[in-house]
Amino acid sequence: VMLRGNLSLGADHGGEFAGRIPIDREEWLYSINADREVYLELYKPSGPMKDLTEVTDLIAEAEGKFSAGFRLEGSISDPVILGDLKLEKGGFRPAGMEERFRDVDASVILEDTLITIRSLSGKEGKDGSFTGSGRIVLSGWRPVRYDVDLHVDRFLVASIPDVIAITSGDVHAGTETIGGR
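A brief report on the enclosed structure follows. (Residues numbered from 1 in each chain as written. Predicted model: local features only at pLDDT ≥ 70, side-chain atom pairs only at ≥ 80, totals over all residues. Heavy atoms only, no water.)

Now for the pattern of salt bridges. Under the criterion given, the structure shown has 10 salt bridges. E61 is paired through a salt bridge with R93; the nearest N and O atoms lie 3.3 Å apart. Residue E61 is located in strand β6 (residues 59-75), and its partner R93 is located in strand β7 (residues 79-94); the two are separated by 32 residues in the primary sequence. The class of E61 is partly exposed, set by a relative accessible area of 34%. Take R93: its relative accessible area is 17%, and that puts it in the buried class. Here K123 makes a salt bridge to D103, at a shortest N to O gap of 3.7 Å. Of this pair, K123 sits in strand β9 (residues 114-124) while D103 is found in strand β8 (residues 101-111), placing the two residues 20 residues apart along the sequence. One network of salt bridges, in which partners are shared, links E61, R93 and R100. (Salt bridge = Lys/Arg side-chain N within 4 Å of Asp/Glu carboxyl O. Helix = DSSP H or I, 4+ residues; strand = E, 2+ residues; numbered from the N terminus. Buried < 20%, exposed > 50% of the residue type's maximum accessible area, 1.4 Å probe, protein only.)

Attention now moves to the sheet that holds strand β5 (residues 37-48). The sheet built from 10 strands is open, its strands ordered β1-β2-β5-β6-β7-β8-β9-β10-β11-β12 with antiparallel pairing. The two strands at the open ends of the sheet, each matched to only one other strand, are β1 (2-10) and β12 (165-174). Direction aside, the axes of adjacent strands within the sheet are offset by 10° on average. Direction of pairing for β5 relative to β6: antiparallel, over a ladder of 10 bridges. When the bridges of β6 are listed, K44 appears paired with A68. (Pairing = 2+ DSSP bridges. Axes fitted to C-alpha atoms, helices over the stretch in contact; angles between N-to-C directions.)

Let's shift gears to unusual backbone geometry. For D112, which is not glycine, the phi torsion reads 60° and is therefore positive. Locating D112 in the fold gives a position in the loop between β8 and β9. At R154, a position not held by glycine, the phi torsion is positive, near 55°. Its place among the elements puts R154 in strand β11 (residues 142-157). On the basis of relative accessible area, R154 is assigned to the partly exposed category, the value being 43%.

Nonpolar side chains collect at one region of the surface, where V1, I23, Y30, I32 and I76 lie side by side and expose about 470 Å² of accessible area between them. For V1, the location among the structural elements is in the segment before β1. With relative accessibility at 49%, the residue V1 sits in the partly exposed group. (Patch = residues over 30% accessible without salt bridge, like charges linked within 9 Å, V, L, I, M, F, W, Y side chains within 5 Å. Areas by Shrake-Rupley, 256 points an atom, 1.4 Å probe, with all protein chains shown as cover.)

Mapped onto the elements of the fold, S67 is located in strand β6. When residues no more than four places from it in sequence are discounted, the contact partners of S67 are K44, P45, S46, D84, L85 and K86. (Contact = heavy atoms within 4.5 Å.)

A few words now on the side chain of K44. By the secondary structure assignment, K44 is in strand β5. Despite its burial, K44 pairs with no opposite charge, the nearest such side chain being D51 at 7.3 Å. Separated by 2.8 Å, the side chain of K44 and the backbone oxygen of F66 make a polar contact. In this view, K44 contacts L9, H13, G14, G15, F66, S67 and A68; residues no more than four positions away in its chain are not counted. (Lys, Arg positive; Asp, Glu negative; His and termini not counted. Polar contact = N/O pair within 3.5 Å; in protein donor to acceptor, adjacent residues only side chain to side chain.)

Turning to the environment of I76, a few remarks are in order. Mapped onto the secondary structure, I76 falls in the loop between β6 and β7. Spatially, the C-alpha atoms of I76 and N33 are 7.7 Å apart, while their sequence positions differ by 43 residues. Residues contacting I76, with those up to four places away along its chain left out, are I32, A34, R36 and V38.

By themselves, these are just geometric observations and shouldn't be taken as functional.
Right under this line is the structure:
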């Protein structure tokens, strides 16, 4: 099956997709052949982040711009996935949280099972700021190893019940193998 079309995230904001999905005819129906080559590509050029609130419940508020690309090739049983995400002067509040992030610039790359946060910076709270970078290794779409560094300065933490704090310093989140575990 050959695919080609447009994605719509808002009145003036969308992207394109194209692809090829191998199907086999069965006795009465069709099925996807997991061993033959598949190709799927999605591209969304830079556009308003506010449209994200229409397609996901994870983001309560959004502003600024973002772009994204995604490509899947190989076979369904052994896919290779590539992609990227860029935020430009983005602002957002995740659903269920008090923290509002603004002036966020980010570049994130997906290379099969490796997510690389190439750059991340932004502001939060009245005078807070943050920068960061790192890598996350996936297995079955779940993080299995990570190495992420953040620097926060006057960063407001307000989503933990009964806690409001303004923090500064360096944060390293990583995994370590001890005794084979």
